[in-house]
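# Descriptive analysis of the structure
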Amino acid sequence: MNPARLIDGRAAAAGLLETVKEDVAKLQASGVSVTLAVVLVGDDPASHVYVRSKLLRASEVGIRSVEHRLPADTAQATLLSLIEALNSDARVNGILVQMPLPEQIDEGAVIATIAAEKDVDGFHRENVGRLVLGEPALTPCTPSGCLFLLEHTLGDLSGKHAVVIGRSNIVGKPMASLLLQANCSVTILHSHSVDARELCRQADIVVAAVGRAQMIDASWIKPGATVIDVGINRIEIDGRTRLVGDIEFESVSRVAGAITPVPGGVGPMTIGFLMRNTVLAAKGQSLKSVSAKPAQREILRCRATDRVSERS
Ligand code: NAD
């Protein structure tokens, strides 16, 4: 059997960011300066790294960013007041609060406070509900990136059997909803699933989002299946730290038809979709504006490639 085709997330994200950049320039020409507010609470080193790369990507595509750094002992009420101020600031199109938050802050309360139309992470219950109902929504960045890679690799996904391993609110559940809307038959596996390996072996598409290093080996994979590895795990090999996914890449790449690497697969798509969600949010807000003239409306109209859910 031929080795699996490698799905290049870096190249796909670069293409996506080019279209985002064009859209940002068009919005700028129509008087909208696309703006993302990024809120970082505390000193978590990984969060600082993530925020830095999000701000860098934003500046590369012409999105203005406004950064708010708060100390680790920030009270929940202070953070919620800041979010409310950003909600009512018409110059801000998207709000991102970097997770995880310090333990005195309830993440659910934070997500619920962000205005749904500025919720570029797609975590607000209004966006979650819209996604499940098949209505236009800001959808979570990582699963949106996975779907983009799948459609990029396979074209129309109608009728394919997709297995999603993991049922978190940020990856597994929205991934299943997106695949359902793409007309897949969807199975969700989780920590209580029985015969998970056998169920997975029936899949044309496998999306692994578990957080367990190399848990899924070739015995889980149907020959020729397309495999998307969301997992990011750090392991020690020969005294050096290496990043690996949930998929045991070496054996699975000999069986699968196509596979994402870690790193360089899903990761770059996540930031790409954050930028694309910020543009979608700006477009949505501008369309609502009563002052938008017909010509502006045409510029702001979502493209066909923008993922709004309209299939039933
Ligand atoms: P999570 O811990 O919230 O959820 C893990 C899920 O795996 C749970 O639903 C659980 O039921 C399931 N699970 C656990 N053990 C299992 C088993 N033995 N069999 C089947 N299912 C099992 O994790 P998450 O936030 O969804 O993230 C999952 C992974 O994806 C992590 O490695 C995380 O770092 C990574 N991640 C990557 C990106 C990216 O941009 N590439 C973004 C988000 C998360």
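Position numbers for residues count from 1 along each chain, tracking the sequence in the order it is written. At least 70 in pLDDT is required for a residue's local features to be given in this predicted model, at least 80 for side-chain atom pairs to be given and counted, and no such filter applies to totals for whole chains, interfaces and linings, which use all residues. The side-chain values count all of the structure's non-hydrogen atoms but skip hydrogen atoms and water molecules.

## Some points on the side chain of Thr35
We count it as follows: Secondary structure elements are defined from DSSP: runs of H or I of at least 4 residues count as helices, runs of E of at least 2 residues count as strands, and each element is numbered from the N terminus. Contacts between residues were defined by any pair of non-hydrogen atoms, one from each residue, lying within 4.5 Å.
By the secondary structure assignment, Thr35 is in strand 2 (residues 35–41). Sequence-distant contacts of Thr35, defined by excluding residues within four places in its chain, comprise Ile63, Arg64, Val66, Arg91, Val92, Asn93, Gly94 and Thr278.

## Observations concerning the site of the ligand
Rule in force here: Distances are taken per atom, and a residue is near a molecule or strand as soon as one of its heavy atoms is within 4 Å of it. Pairs of N or O atoms are called polar contacts if they sit within 3.5 Å, as long as, within protein, a hydrogen donor faces a hydrogen acceptor (for residues adjacent in sequence, only side-chain-to-side-chain pairs). Only the protein chains shown count as covering a residue, and every accessible area follows the Shrake-Rupley method with a 1.4 Å probe.
In the region of the ligand, 21 residues are neighbours, and Arg167, Ser168, Val230, Ile232 and Thr270 sit closest. In this structure, Arg167 approaches the ligand through a main-chain N or O atom, which is 2.8 Å from an oxygen atom. For the ligand, an oxygen atom lies 3.2 Å from a polar atom in the backbone of Ser191. Relative to its unbound accessible surface of 860 Å², the ligand loses 72% to contact with the protein. Looking at the shell around the ligand, the element that brings in the most residues is helix 10 (residues 266–288), giving three residues.

## Section: the sheet that holds strand 2
For sheets, the rule is that strands pair by backbone hydrogen bonds, running either parallel or antiparallel. Under the convention used in this document: Two strands qualify as a pair provided that DSSP identifies no fewer than 2 bridges between them. Throughout, an axis means a line fitted to C-alpha atoms (over the contacting stretch in the case of helices), and angles, computed between N-to-C directions, take values from 0 to 180 degrees.
Strands sit in the order 3-2-4 across an open sheet of three strands; the sheet is parallel. Every interior strand has two partners, whereas the edge strands, strand 3 (64–70) and strand 4 (94–97), have only one. Geometrically, the sheet is characterised by an average inter-axis angle of 15° between neighbouring strands, direction not taken into account. When strand 2 meets strand 3, the two strands line up parallel, connected through seven bridges.

## What to know about empty space enclosed by the protein
What counts, and what does not: In this analysis the probe radius is 1.4 Å and the grid spacing 1 Å, with only protein atoms considered; a cavity is a set of points the probe fits into but cannot get out of, a pocket is an open set with protein on both sides within 12 Å along at least five of seven lines, and lining residues have an atom within 4 Å of a point. Grid points are joined across faces, edges and corners, and a volume is the space filled by probe spheres set on the points. Classification convention: Asp, Glu, Lys, Arg as charged; Ala, Val, Leu, Ile, Met, Phe, Trp, Tyr, Cys, Pro as nonpolar; all other residues, Gly among them, as polar.
Taken as a whole and judged by the stated rule, the model has one cavity of 30 Å³ or more. Here the largest cavity is characterised by a volume of approximately 40 Å³. Lining the largest cavity are Ile95, Val97, Met99, Ile111, Ile114, Asp119, Asp121 and Phe123. Of the residues belonging to the lining of the largest cavity, the class tally is six nonpolar, no polar and two charged.

## Points about the pairing of strand 10 (residues 240–244)
Pairing of strand 9 (residues 233–237) with strand 10, which is carried by five bridges, proceeds in the antiparallel orientation. Note on strand 10: the bridge partner recorded for Ile235 is Arg242.

## What about the confidence of the model for the protein?
What counts is decided by this rule: Scored from 0 to 100, pLDDT reflects the predictor's confidence in each residue.
For the protein, the average pLDDT comes to 93, and 93% of its residues sit at 70 or higher. Low confidence marks residues 292–305, where pLDDT is under 50. Its contacts with residues over four positions away, or in another chain, come to 21 contacts. For the stretch residues 307–312, pLDDT sits under 50, and the model shows 16 contacts to residues farther than four places along the chain or on other chains.

## Here we look at the nonpolar core
Here is the rule: In this description, a nonpolar core means a group of buried Ala, Val, Leu, Ile, Met, Phe, Trp, Tyr and Cys residues linked to one another through side-chain atoms lying within 4.5 Å. For each residue, the accessible area found with a 1.4 Å probe, counting protein chains only, is set against the maximum for its type, and the residue is called buried under 20%, exposed over 50%, and partly exposed in between.
Residues Leu36, Ile63, Leu157, Leu179, Val207, Ile228 and Met275 are the most contacted members of the largest nonpolar core, which totals 53 residues. Listed by contribution, the elements that provide at least two residues to this core are helix 1 (9–29), strand 2, helix 2 (45–60), helix 6 (141–154), strand 5 (161–165), helix 7 (172–181), strand 7 (205–208) and helix 10. No other element matches helix 10, which puts ten residues into this core.

## As for helix 6
Keep this limit in mind: In a helix, the anticipated span is given by 1.5 Å times the number of residues less one.
If you check helix 6, its first and last C-alpha atoms are 20 Å apart, about what 14 residues at 1.5 Å a residue would give, namely 20 Å. In terms of residue burial, helix 6 counts as a mostly covered element, since ten of its 14 residues are buried. Buried residues of helix 6: Cys141, Thr142, Pro143, Ser144, Gly145, Cys146, Leu147, Leu149, Leu150 and Thr153, and no others. Where helix 6 ends, the next residue or the one after it, Gly155, has phi of about 75°, a positive value.

## Details of the side chain of Ser144
Within the secondary structure, Ser144 is located in helix 6. What Ser144 contacts, discounting residues up to four positions off in sequence, is Thr139, Leu178 and Phe273.

## Focus: a nonpolar patch on the surface
Counted only if it meets this: Patch construction takes residues with relative accessible area above 30% that form no salt bridge. Like charges are linked within 9 Å, and nonpolar side chains (Val, Leu, Ile, Met, Phe, Trp, Tyr) are linked within 5 Å. Should a side-chain nitrogen of Lys or Arg be within 4 Å of a carboxyl oxygen of Asp or Glu, the pair is scored as a salt bridge.
Together, Tyr50, Ile232 and Leu243 make up a nonpolar patch on the protein surface, roughly 260 Å² of accessible area in all. The exposure class assigned to Leu243 is partly exposed, which follows from its relative accessible area of 30%.

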